[in-house]
Amino acid sequence: MPRFLLSLSFALLLTAARLTAAAVVQVHVTDAKQSSVADAVVSLIPLDAAPVFTPSTTPVVVAQQGQEFEPYVTVIVPGTRVNFPNQDNIRHQVYSLSKTKPFEIPLYGPGTEQSLLFERPGIVALGCNIHDWMAAYIVIVATPYYLKTATDGMARLVDLPPGRYRLEVWHPRLSGEANREVTIAAGDTAQQSITVILKPDRRIRRAPDGAGGGYK
Amino acid sequence: MIVPWSFRCLAFVGVLSLPAFAATAPLRLPISTRMETSTTWAENINRASSPSDWTDSVQVDARATASLLTPLITGVSLITEVDAGYTSLPRYDRNSTVHAGARTALRWKFGLGAFAPVLTTDVTLARRASRLNGADSWLATSGLSLSKRFTDSWRASLTGDWAQNYAPHSVFDTRHHRLFGQVTWDLTDRWQLTYGRGSLWGDITANASARIWARALGGLISPAVGAYYPTLSYETTDSFGPGYVTYRFKARSDFWWLELAPALGPNTSLPLRYESTFTVNFVGVKYRQDLWTLGILHRF
């Protein structure tokens, strides 16, 4: 009898563990030509319960380096502070006209940094008011389950509780929307492939302008 | 007469510009620098009216610029620049020049972002050393420019400027003003096409061989030329050959250019430019020049 109870308890524990075991979703983002898409933001928004997330206590860094923003795409949750260190040897003036967080940091010099808190979810497009070609994005997602795709187009989201989610993909050149509902079972390792339509990459040209003509 | 280079005044410009930078020396100076060199094939480089005098030549230019951007109030920045350069005509070396100067510009950006219009007003002062006698000069310019980007790949600008070249010999002592516009189309993130067009009004120097100049003075080209040319400032400079005369006159010059500039990298471009100028002086004498320029620009 005690042996039977021990076995039953073990089986029940195993079942419970399986029912609550964290799942893994591996997402592969490709474009219309089936090429892997880097810098795509993949997020899973829980549909069965309100998402619970905690902002990082360490500020996230978006640097100005070589007259570019680094990284190009940054993903955070609401309430995260982002530092903007100027690691160049010239001044920059970082701004955003995005509705999510319009701001303008006055021109600041090499070796210094500015900091901003991003409270609301949404997309914030960054620019430099001096160097028009400089562009970057901060994506604020209201879920703890997010990742940015690497150069192989892959994002591996781990420690996911079982349940229903809306899988969303965003990219700076995304045309339209890319989302779907997914149901994740406990302990699963699911594969998701998403094909997105990307607009042409038309960033402002950085190379210096010619001296121009004109009788001198 | 050919004279040796005189760098005394160029050194003076350099000294003038140093304190501005020295004042902030303990800080990391946020200076951006840029270098450009170009080679131009110029048809009628000597700006001669008679086809028999037309001279084609290669011209080589090199220039380095250092800029400091200082914010004043919201949307307004002060740009301070120093630059130095060299223009060489290998076949006609006495026309080669070196220059060094300083530029100060105020830049108003009306709003944030790449699409905000920008108004820039500037003044420059440069010392130009020439190997032609009496041609060393101080060049002072002032300008006003309005530019606007309309899309990620289209932008335009309109510029008006005024220039005064103070030289000891009246032939080289010139002043003029210009009005020109340009439209730039970034065909791709690598290829850029620019078209510009404008006009100049004021003093222009031109060159003539001794034979043509004698005909002009004698009224053998036309009675109007015979009456007008003796009133002009002129001197024998041997600029493009023995006996060559350089003279100054009032004229209007119309010019346009087309430039294709591929980017070689994020900070380097290779502009190829065709430029045409057509000048008509007070008595209707015409001067045409065509220039093909290949340059390389690098921003550090």
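Whatever comes next refers back to the structure up there.
Throughout what follows, the structure given in this document is the object of discussion. (Residues numbered from 1 in each chain as written. Chains lettered and ligands numbered in written order. Predicted model: local features only at pLDDT ≥ 70, side-chain atom pairs only at ≥ 80, totals over all residues. Heavy atoms only, no water.)

### Notes on the environment of Phe 103 of chain A
Position of Phe 103 of chain A among the secondary structure elements: in strand S9 (residues 103-104). Along the sequence, Phe 103 of chain A and Arg 180 of chain A sit 77 residues apart, while their C-alpha atoms lie 33 Å from each other. When near neighbours in sequence (up to four residues on either side) are disregarded, Phe 103 of chain A contacts Val 94, Tyr 95, Ser 96, Leu 116, Phe 118, Val 124 and Leu 126 of chain A together with Leu 112 of chain B. (Helix = DSSP H or I, 4+ residues; strand = E, 2+ residues; numbered from the N terminus. Contact = heavy atoms within 4.5 Å.)

### As for the interface of chain B and chain A
With 55 residues of chain B in contact, the opposing surface of chain A contributes 31 residues. In total, chain B and chain A occlude about 3,400 Å² of area from one another, counting both sides; carbon and sulfur atoms represent 50% of this. Viewed at the interface, chain A and chain B are joined by two salt bridges. A salt bridge links Asp 132 of chain A to Lys 109 of chain B; the nearest nitrogen and oxygen atoms lie 3.3 Å apart. For the side of chain B that touches chain A, the leading source of residues is strand S11 (residues 245-265) of chain B, giving eight residues. Of the residues that constitute the side of chain B that touches chain A, the class distribution is 21 nonpolar, 17 polar and 17 charged. (Buried area = accessible area lost by both parts, 1.4 Å probe. Salt bridge = Lys/Arg side-chain N within 4 Å of Asp/Glu carboxyl O. Nonpolar A, V, L, I, M, F, W, Y, C, P; charged D, E, K, R; others polar.)

### Structural notes on the nonpolar core
Residue and element names in this part refer to chain A. With 26 residues, the main nonpolar core has Phe 84, Phe 103, Phe 118, Leu 126 and Ile 138 as its most contacted residues. Only strand S7 (80-85), strand S10 (113-118), strand S11 (122-128) and strand S12 (135-140) provide two or more residues apiece to this core. In this structure Leu 126 touches Val 62, Phe 69, Phe 84, Tyr 95, Ser 96, Phe 103, Met 134, Ala 135, Ala 136 and Ile 138, once residues within four positions along its chain are discounted. Of all hydrophobic cores here, the second largest spans 21 residues; its members include Val 25, Tyr 165, Leu 167 and Val 169. (Core = buried A, V, L, I, M, F, W, Y, C linked by side-chain atoms within 4.5 Å. Buried < 20%, exposed > 50% of the residue type's maximum accessible area, 1.4 Å probe, protein only.)

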